[in-house]
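Here is what each chain is made of, one letter per residue.
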Amino acid sequence: MYQDDIERMQHNVEQPPPTSSDGVQESIITVGQEEQVEQPQLERNKRKLATKFPLVDISRNLLLAYQSLGVVYGDLSTSPLYVFNSIFVEKLPHYQTPETIFGAFSLIFWTITLIPLLKYVLIVLSADDNGEGGTFALYSLLCRHAKFSLLPNQQAADEELSTYKYGFAGQSTSSSGLKRFLEKHKKSRTILLIVVLLGACMVIGDGILTPAMSVISAISGIKAAAEHLSHGEVLVLSCLIMIGLFALQHFGTHRVGFLFAPVVIIWLITIFGIGLYNIIFWNPKIVHALSPHYIIKFFRETRKHGWISLGGVLLSVAGTEAMFADLGHFTSCSMRIAFSFLVYPCLVVQYMGQAAFLSKNLASIRDSFYNSIPDTVYWPVFVIATLASIVASQSIITATFSIVKQLNALGCFPRVKIVHTSKHVKGQIYIPEINWILMILTLSVAVGFQDTIFIGNAYGLACITSMFVTTFLTTLVMIFVWQRSIVLATCFLLFFWFIEGVYLSSAFTKIPQGGWVSLVLAFVFLAVMFIWHYGTRKKYNFDLHNKVPLKWLLGMGPNLGIVRVPGIGLVYSELATGVPSIFSHFLTNLPAFHSVLLFLCVKSVPVPYVSPEERFLIGRICPRPYRMYRCIVRYGYKDIQRDDGDFEDLLIQSIAEFIQMEAVEPQLSSSETPSLDGRMAVISKKALQSTSTLIISEDFGMRDSIQSSKSLTLQSLRSAYADENPQIRRRQVRFQLPENPGMDPAVKDELRDLIQAKEAGVAYIMGRSYVKARRSSSFLKKFVVDIGYSFLRKNCRGPSVVLNIPQISLIEVGMIYHV
């Protein structure tokens, strides 16, 4: 979306003659190519203007930094509520001395400095994918620079997209061997995918554990002041707050960010003031604990118990991964501004103040934050802390929505409803099904454990695992995308893996005390993701190996040996090349088809966004008399597939433009071309608006389209459907041929047939597939395909709903896939 840091690293490189994933030689022509050539120059001019007049860009980043406080940094900023309690209460009950307090603060300070500030703010936020962050953004970036993807639906035409980044020109010789090894061995690519899925699962686990941890920690302060309240009453109040939090999500990140940002700002200023007061009033010598020497003294005194207590120190950076996962909602510059100039100094001063207070009040460790508040401001701070704890959950819930959207687009998560909540920022989304699943699981964790110590153990394990995965993927990005030396990337990996490995080893010791929850959640989500990806890949491979031979179609003649009825048949297929097997299956059962056939493939490509000018790829199947075309509609993994009411009309215009272009482009119409499938053209939307082949007249309503049907029965059905669904009424477009005496007669006839077919109506043909494992398959494969994948397909959103296909025009063809 936005590119602030790596944009200067991008260079265009020459690519070899493209070949699709199916091995079919492709010829790609761009209509409206002049506009696309001018686009990079326009972007460069905009950047020059931005450097000359930086105030506009600064104000925009400051506004986004303000919003990011309410969405991203709530979790990090509320960690002082429970960190010291988690370190000392159960892990170090016999080491509660001023020296260990100083050592614990030194650990917290250097952890916050090294992981969020050094690793994420300075390095990881630069590893974005056109402004998008998260483990899957890193994975898609890697898949574009090496053949790491397991789903063979990529085409050479995808590499021509403007958002497709090539990195540096040429391939580093030091990394070429590693790249060939990973590309050659399928097991290594499978392991890479599992690692990515594991990181995504841990972030989703954070989305479940964070609300329970933050809200219960904040509400526990009321029990310290109102002792007559029972633990059960406090838990009920916490659950009600969590339900209200999830109920707010449908308003979207934009509104929630503006609503929550003031709360976080007030909270940060409050904890900064309290921390500064405690430093001055209780123990100014705490400043000396900034020296790492106190960390050595801490471990020298506590030894094994100090290592175990690192799980509590880890909670001080919990929520850091949301900083990267939520990057698509904001910009890296805005997030750096917010963290470096407000969040980081406020957290350091607050932890320093708590440590100063505890060094003189060792008996107050259990409720260290609330005990360190001066009595005169206790209740105002409690109210602010409660509101801030609600905000703390927002960051990871937003990150979960972003990650599920990426997983869904790249074929690793079942289809869900995705709501775009902002007209201005594309990355801001809301997923109802995921929202309510998170709420149910969060309430289950809160009611099941009822204690922040056990929830914190699970929470810390999930956080450090996701950080561990991000470090690994960032290292691969350094090698394959940034073209850094393997030695430099290895130093980055070993340095941060050493730090995170120490924390991870400590977190593993907490598995019996609540940490198992993170593992169970990760296993369940990982199983769902991998089963869906495995089933999707097997289904695609079945389609790929059972395509209808073009020789068979050519042997049947232009009429295909069947009755060609008026109208357009849109055959949906996941194949980017070839004729899907559902077409022959349809002809076998009903030997009649429409006069114009369009094989439509809606696919996601490993880029965040696809420009509308590059969305449509149009080509021809078989010679001109067959009236068979192919259209590939491409979306990025962050694009929202909307039904704007003009999809059919854009298709017709694109095909007409292709027909006209084919008459004048020798590389498309040459008879020497050996393949009759694979010649594709990018039809620019700007070209359609400026030089349309057809005359277009518009009107609104459905009356004309109803009357245009020759079948009285179909007229009555459509009329009834329109009356029952008034919200679907959309603008109607009529096409006419222009008066052009110089037009080729063959082209004119083909355009006339296209217009007449459009007037007769459009039918959507889609396969209703049933995927079954072969009889010779192993028990595990039968269980995964016949039970797991089938269950997920039956309980997710249907493809016709996701693609916004009108049910009145839908024809489904049943097929059984034996994979």
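Just so we're clear, the structure is a prediction, and the values are computed from it rather than from any experiment. (Residues numbered from 1 in each chain as written. Predicted model: local features only at pLDDT ≥ 70, side-chain atom pairs only at ≥ 80, totals over all residues. Heavy atoms only, no water.)

### Re the overall build of the protein
The condition is simple: Under the DSSP-based scheme used, a helix requires at least four consecutive residues in state H or I and a strand at least two consecutive residues in state E, with every element numbered from the N terminus. Only protein chains enter the calculation, and the probe is 1.4 Å; a residue is then buried if its accessible area is under 20% of its type maximum, exposed if over 50%, and partly exposed in between. Computed with the Shrake-Rupley method and a 1.4 Å probe, the accessible areas treat only the protein chains shown as cover for residues.
Scanning the protein for helices and strands turns up 31 helices and twelve strands. Out of the 819 residues in the protein, the part that is buried amounts to 57%. For the protein, the accessible surface area stands at approximately 33400 Å², while carbon and sulfur atoms represent 62% of it.

### Remarks on the pattern of salt bridges
To be explicit about the condition: Within this document, salt bridges are pairs made up of a side-chain nitrogen of Lys or Arg and a carboxyl oxygen of Asp or Glu, the two lying within 4 Å of each other.
Applying the stated criterion across every chain yields a total of ten salt bridges. Of the charged contacts in the structure, one is a salt bridge between R620 and E750, with a shortest N-O distance of 2.9 Å. Here E750 lies in helix α29 (residues 745-760) and R620 lies in strand β6 (residues 616-620), a separation of 130 residues in the sequence. Overall, R620 belongs to the buried group, its relative accessible area being 2%. Here E750 falls in the buried class, since its relative accessible area comes to 0%.

### A look at the packing of helix α5 (residues 98-121) against helix α15 (residues 332-360)
The cut-off we apply is this: Helix axes are fitted to C-alpha atoms over the stretch in contact, other axes to C-alpha atoms as well, and angles between N-to-C directions run from 0 to 180 degrees. Should an angle lie under 35 degrees it is considered roughly parallel, over 145 roughly antiparallel, and from 65 to 115 roughly perpendicular; all remaining angles are considered oblique. We call two residues in contact when some of their heavy atoms are within 4.5 Å. Each residue gets one label: Ala, Val, Leu, Ile, Met, Phe, Trp, Tyr, Cys and Pro are nonpolar, Asp, Glu, Lys and Arg are charged, and the others, such as Gly, are polar.
Put simply, α5 and α15 touch, their axes get as near as 9 Å, and they point 170 degrees apart. What the angle tells us is that α5 and α15 run roughly antiparallel. The segment α5 lies against α15, with P98, I101, F102, F105, I108, F109, I112, T113, P116, L117 and V121 engaging R336, F339, S340, Y344, V348, Y351, M352, A355, L358 and S359. Partitioned by chemical class, the residues of the contact of α5 with α15 number 17 nonpolar, three polar and one charged.

### As for the packing of helix α6 (residues 135-145) against helix α19 (residues 452-480)
Applicable threshold: Less than a right angle of anticlockwise turn of the near helix away from the far helix marks a crossing as left-handed, whereas a clockwise turn marks it as right-handed.
Interaxial distance between α6 and α19 falls to 10 Å at its minimum, and their mutual angle equals 25 degrees. Our classification of the angle between α6 and α19 gives roughly parallel. As for the relative orientation of α6 and α19, their crossing is left-handed in sense. Contacts between α6 and α19 involve T135, L138, L141, L142 and H145 on the former and, on the latter, V469, T470, L473, T474, L476, V477 and F480. Class assignment of the residues belonging to the contact of α6 with α19 gives a composition of eight nonpolar, four polar and no charged.

### Comments concerning unusual backbone geometry
In this model, Q450 sits at a positive phi of 60 degrees, which is unusual for a non-glycine residue. The topology assignment puts Q450 in the loop between α18 (432-449) and α19. In this structure, C622 takes a positive phi of about 70 degrees despite not being glycine. Overall, the relative accessible area of 1% leaves C622 in the buried class.

### Section: the confidence of the model for the protein
Detailed reading of predicted coordinates is not advised where the pLDDT is low. Our working rule: pLDDT is a residue-level measure of predictor confidence that goes from 0 to 100.
Summary statistics for the protein give a mean pLDDT of 80 and a share of 80% for residues scoring 70 or more. Here residues 670-675 scores under 50 on pLDDT; set against residues more than four positions off or in separate chains, the count is four contacts. pLDDT under 50 marks residues 700-710. Its contacts with residues more than four places away, or in other chains, come to 20 contacts.

### Description of the environment of G557
Looking at the element boundaries, G557 is found in the loop between α22 (550-556) and β4 (563-572). A residue is classified by how much of its surface remains accessible, and G557, at 15% relative accessible area, is buried. Separated by 66 residues in the primary sequence, G557 and P623 have C-alpha atoms spaced 9.9 Å apart.

### Topic: the packing of aromatic side chains
Counted only if it meets this: Two aromatic rings, drawn from Phe, Tyr or Trp (for Trp, its six-membered ring), form a pair once their centres lie within 6.5 Å of each other, and the interplanar angle then sorts them: stacked below 30 degrees, edge-to-face above 60, tilted otherwise.
Going through the model one piece at a time under the given rule, you end up with 29 aromatic pairs. Ring centres 5.5 Å apart and planes at 85 degrees place the aromatic pair Y378 and W379 in the edge-to-face group. Put simply, the rings of W267, F369, Y370, Y378, W379 and F382 pair up and form one aromatic cluster.

### Description of the side chain of S238
With respect to the secondary-structure elements, S238 resides in helix α9 (residues 231-247). Residues within four places of S238 in sequence aside, it is in contact with V215, I216 and I219.

### What to know about a nonpolar patch on the surface
Put simply, the test is: Only residues whose relative accessible area exceeds 30% and that take part in no salt bridge are eligible for patches, with like-charged residues grouped when within 9 Å of each other and nonpolar side chains (Val, Leu, Ile, Met, Phe, Trp, Tyr) grouped when within 5 Å.
On the surface, W516, V520, F523 and V524 cluster together into a nonpolar patch covering about 410 Å² of accessible area. Along the polypeptide, V520 turns up in helix α21 (residues 511-545).

### Notes on the environment of L69
As for its position among the elements, L69 is in helix α2 (residues 54-71). Counting along the chain gives 322 residues from L69 to V391, while the straight-line C-alpha distance between them is 9.2 Å. For L69, the residues in contact, after removing those within four places along its chain, are G74, V264, I265, L268, A338, L342 and V343.

### So, the pairing of strand β5 (residues 592-605)
Note the following rule: When DSSP locates at least two bridges between a pair of strands, those strands are taken to pair.
Of all 14 residues in β5, eleven are buried; the element is thus mostly enclosed. Across eight bridges, β4 lies against β5 in parallel orientation. Across the sheet, the residue bridging to Y572 is L600, located in β5.

### Observations concerning the nonpolar core
As a reminder of what qualifies: What is meant by a nonpolar core is a set of buried Ala, Val, Leu, Ile, Met, Phe, Trp, Tyr and Cys residues, joined one to another through side-chain atoms within 4.5 Å.
Ranked by internal contacts, the top residues of the largest apolar core, which has 172 residues, are Y73, M323 and L407. Among the elements that make up this core, the one with the highest residue count is helix α8 (residues 186-225) (18 residues). Residues contacting M323, with those up to four places away along its chain left out, are V72, Y73, L76, P116, Y120, V121, L125, M335 and F339. Y629, I652, A656 and L754 belong to the second-largest nonpolar core, a separate cluster that totals 35 residues.

### Describing the pairing of strand β11 (residues 762-772)
In this structure, β4 lies alongside β11, joined through four bridges in parallel fashion. When the bridges of β11 are listed, G569 appears paired with A763. Strand direction decides the pairing type here: β11 and strand β12 (residues 810-818), joined by nine bridges, are parallel. Bridge assignment links K772 to a residue of β12, and that residue is H818.

### Description of the environment of E657
In this fold, E657 is placed in helix α24 (residues 647-664). With relative accessibility at 9%, the residue E657 sits in the buried group.

### Notes on the side chain of D206
Stated formally: Only four residue types enter the charge count: Lys and Arg as positive, Asp and Glu as negative, with His and the chain ends excluded.
By the element assignment, D206 lies in helix α8. Here D206 sits buried without a salt bridge, and the closest side chain of opposite charge, K119, lies 12 Å off (N-O distance). The contact partners of D206, leaving out residues within four places of it in the chain, are P211, I396, Y459, A462, C463 and S466.

### Some points on α24
Quick note on the threshold: Take the number of residues in a helix, subtract one, and multiply by 1.5 Å to get its expected span.
Between its first and last C-alpha atoms α24 spans 26 Å; for 18 residues at 1.5 Å apiece the expected length is 26 Å, and the two agree. Of all 18 residues that make up α24, 13 are buried, and the element is covered over most of its length.

### Digging into the state of the cysteines
Heads up, the condition is: Pairs of cysteine sulfur atoms within 2.5 Å are identified as disulfides in what follows.
According to the stated counting rule, one finds zero disulfides in the structure shown. Sulfur of C143: no disulfide; nearest cysteine sulfur belongs to C412 and is 9.3 Å away. With no disulfide of its own, C631 lies 9.0 Å from the sulfur of C601, the closest cysteine sulfur. According to the relative accessible area criterion, C631 is buried, its value standing at 0%.

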